Structure formats: structure tokens, C-alpha cells
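# Architecture at a glance
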Amino acid sequence: MIVENRRTRAHVDVPLIVMVFALSIFGVLAVSVATYSTSSTSDASLLNHIVESSYAVRQCIFLMLAPVVLVVIMNFPYDLLRRITPLLYWGGILLVALVWIFNRAAGVKAWLDIIWGYTIQPSEFVKLSMILMLAKRLARSERPMNTFKDFIHIMAMAGGPCLIILASGEMGSLLVIVFLFAVMLYFANVDIRILLGLAAFTILALLGLYGVMVATGSDSYRLQRILAFMNPELYSSDDAYQMLQSQTAIGSGGLTGIGMFVDGSMSQLNYVPADWTDFIFATIGEAWGFVGCSIILLIYLLIIFRILYLARYTRDRFGMLVIIGVMGMLLFHVFENIGMTLGLMPITGIPLPFLSYGGSNMVTNMGGIALVLNVTKNRSLSHSVVTPQTTTNFYRFGRKY
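Residues numbered from 1 in each chain as written. Predicted model: local features only at pLDDT ≥ 70, side-chain atom pairs only at ≥ 80, totals over all residues. Heavy atoms only, no water.

## Comments concerning unusual backbone geometry
- Phi angles above zero are rare outside glycine, and N189 is one such case at about 75°.
- Topologically, N189 is positioned in the loop between α8 (171-187) and α9 (192-216).
- One non-glycine residue with positive phi stands out, namely F354, at about 70°.
- Inspection of the secondary structure puts F354 in the loop between α13 (317-341) and α14 (359-377).
- Taking relative accessible area as the criterion, F354 reaches 2% and is therefore assigned buried. (Helix = DSSP H or I, 4+ residues; strand = E, 2+ residues; numbered from the N terminus. Buried < 20%, exposed > 50% of the residue type's maximum accessible area, 1.4 Å probe, protein only.)

## Concerning the pattern of salt bridges
- As enumerated under the stated definition, the model contains 6 salt bridges in all.
- A salt bridge links R137 to D150, with the shortest nitrogen-to-oxygen separation between them at 2.4 Å. In this pair, R137 is assigned in helix α6 (residues 122-138) and D150 in helix α7 (residues 148-167), connecting sequence segments 13 residues apart. Comparing R137 with D150 shows no difference in burial state: the two are buried. (Salt bridge = Lys/Arg side-chain N within 4 Å of Asp/Glu carboxyl O.)

## Comments concerning the environment of S129
- In this fold, S129 is placed in helix α6.
- S129 sits 36 residues away from I93 along the chain, and the two C-alpha atoms are 8.9 Å apart.
- With near-sequence residues (within four places) excluded, S129 lies in contact with L88, Y89 and G92. (Contact = heavy atoms within 4.5 Å.)

## A look at the nonpolar core
- Residues L16, L134, M184, L185, I307, M366 and I369 are the most contacted members of the largest nonpolar core, which totals 105 residues.
- Residue contributions to this core peak at 15 residues, all from helix α12 (residues 280-312).
- Other than its neighbours up to four places away in sequence, I307 contacts L16, I323, M327, L330, I369 and V372. (Core = buried A, V, L, I, M, F, W, Y, C linked by side-chain atoms within 4.5 Å.)

## Here's the deal with the packing of aromatic side chains
- All told, the structure shown has 10 aromatic pairs when counted by the stated rule.
- Through pairs of rings, three or more aromatic residues link up here, namely Y55, F62, W276 and Y357.
- The aromatic ring of Y313 is capped on one face by R312, whose charged end is 4.8 Å from the ring centroid. (Phe/Tyr/Trp six-rings, centres within 6.5 Å; stacked < 30°, edge-to-face > 60°. Lys NZ or Arg CZ within 6 Å of the ring centre and 35° of its normal.)

## Points about α8
- Compared with the 24 Å implied by 1.5 Å per residue over 17 residues, the 25 Å span of α8 between its first and last C-alpha is a close match.
- Two residues or fewer past α8, N189 is found with a positive phi of approximately 75°. (Expected span 1.5 Å × (residues − 1).)

## Some thoughts on the side chain of Q268
- Note that Q268 resides in the loop between α11 (241-252) and α12.
- Looking at Q268, its side chain comes within polar contact range of the main-chain nitrogen of G264, at 2.6 Å.
- With residues near it in sequence (within four places) discarded, Q268 still touches Y36, S37, T38, V262 and D263. (Polar contact = N/O pair within 3.5 Å; in protein donor to acceptor, adjacent residues only side chain to side chain.)

Structure representation (C-alpha cells):
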């Protein structure tokens, strides 16, 4: 018999909600600073600064939708969510395929026009459907991928959406899915030899792809981004411009930053392209300095560890893997986005969770947090029945229930 305690009880995790919404509210402020115009006056009120920025106003709208997304998904019947997971998975694939077919833009085909100039990025939603589908499949066995049939099935499940996303040119979303897939396999107790084999295959495939790009010159802008990352000074006039300007903006903030809505700032003069979306961290570094950046990093670290803590004490194997998948998604977003703004990672177009401008990004991240809350809210002793679907072996955590 399993005894329920304070750590494993069903509850709504208030600390996680508070941290996430604190970041999201600050994100509206950061977007308004990033889009501060030369036609604006620095002595205007904070509300006026936000209203004067169309991007900040839209981000406020996305933020107002966030509690709705959170409440709906958090209160969605847990067992029903598990049952309709295949429907969500195939629906996500269909949306990505529609973008690939109907988006006639050259290069990246990531967005689908909806209404009034708003667009959606279906690959963001695929991340959540992938997490749910992989969690459902991996929860069937305590040792997934131990048979050839199981291995092929799981790899095909992850590979299908990845191929469509790759064909659409979205390398950022592809890398996120690959990373969360690897994290979920690890915590699902997949044999370490299989994991090492997959890691070696992935590295060889990436090296092969890089070799083909160099030899043929195909997909040149992605190749130039990689080369610029390796030697930014050599490409400073073109492909490394954004990275170098971001480093300069962050460095100019010093210890405590130059402040918000400063005339002549790099944010106001648009020295850093896309500093309200993928490069929002550059704006934070300039305005709030090392102290502000450190606080943001600390909050992200607390969110990641809080989610990991909730997974650690979730008995239901499906629920635990859902939480781990969300953790992997957020972790890679934060690591890659901040890394590329500092020049430590190649530019991939991955937004910073809860801070970067974007409705699809906000809905996906809030949806991920809502899935975590749904699992913790529906913890129950009824899930302690010993079956492959509901029993959790925490080998990776160093503990077994």
C-alpha cells in the first residue's frame, strides 16, 4: 500500500503559477521597452508607453488569454485527456501539414494567417501534442524500446512531425522536439545503450547534413548562421550582425542597466533586430543590466526545478512523463534563446518563454504549465493501482514507488 504524503498529494501548485505570471507580466514591460519609438517621449507614464507600442498591446491581449488557457486545460478531465491524446497528436500534425501546403512564403513556412493580421504557428502546438502522445506511449512499459517493434513505433511517432517541420524550414522547433524527446526517453527508463546509440546517430546525422550544406551550398542562410556562430567577426557585416549587436546591448547595460525608455538607447534606435521577440533578452540586459538578467535566470531556474520536483513526486507514470516533457521543452527554449543572445549558441529563432512577443508562444507555454497543473491537481491514491500504465519507477530519480 502506498501512503500519501505532503509531496504526493493532489494540489494546485501556486508557486509555479506565481512565477510564470510574474515573468509574463514583466514580458509586457520588456516588449514595450524593446519597441520604444523615437517619436515617444521618455517622461510619459508607463501605461502610455505600453499603449503606444502595438506589440506591447498585443502582448497584453495574449496575457489576458493566458489565464483562460490555464484554467481550461488545468481543469480538463485527466482521464479524458489521456484518451483523446491521439486525436490531439494527429490534429497537430494536420495543422503543420496545412502550413507546409498552403503557406507560399519563401524559406521558412511556419505561420498560418487567421484574422486581422494575426497569425498562428502550429509547430508550437505540436510540441504539446508530442509530449502527450509520447507520454502515453512510453507509459505502457517500464522499459520502453526494449523490443524492435517498440523501438520502431516510438521513433516513427516522433519522426513523422519532425520530418514535416524540417520540410517547413523550422529548425528551432525541430531542435526543441528532439531535445524533449531525448529527455522523456531518459526519464522513461529507456536502456542507456539505446540512448547513447541515438545520440551518436543524431550527431553523425547533423555532421552529415552540415557536410552536405557546405559541399552544395544549399540552404545557404542556415549555413551562414552556423559559420557566423563559429567566427562572428568574419561575418560581422551580415549573418553575425544580430548576434554581435545583442552582445553589445547586453554589455552596455553594465551591472544595473541604463534604465527603461532611455532616449538614444540601442532598443530605441533598433540596433538589435527582433529585440522584442527572439532577442528580448538583449533588451533586458541593456535596460536592467547584469542584476536584471540574473533575476530572470534565477526565476527560470526555480521554475525548472519546481517542475522537476513535481515530476519527482508524481506516481502516475503518464503524468510524470507529461511533466518531464514540459520541463524539457522549457529548458531547451531558455538555454538556446539566452545562449544565442550571448553568442554561445547558433541563432535558431527560438523565443524566450513568457517574455518574447508572440501569441502562439504564450499559449503553448501556458498550455504546458497547465498540463503540469492538471497532473498535480488530479493526483490521487486511485492512481496507485499497480499496472504498467499507472505505476511509476523513478530509476532516474534514484527512488522507486
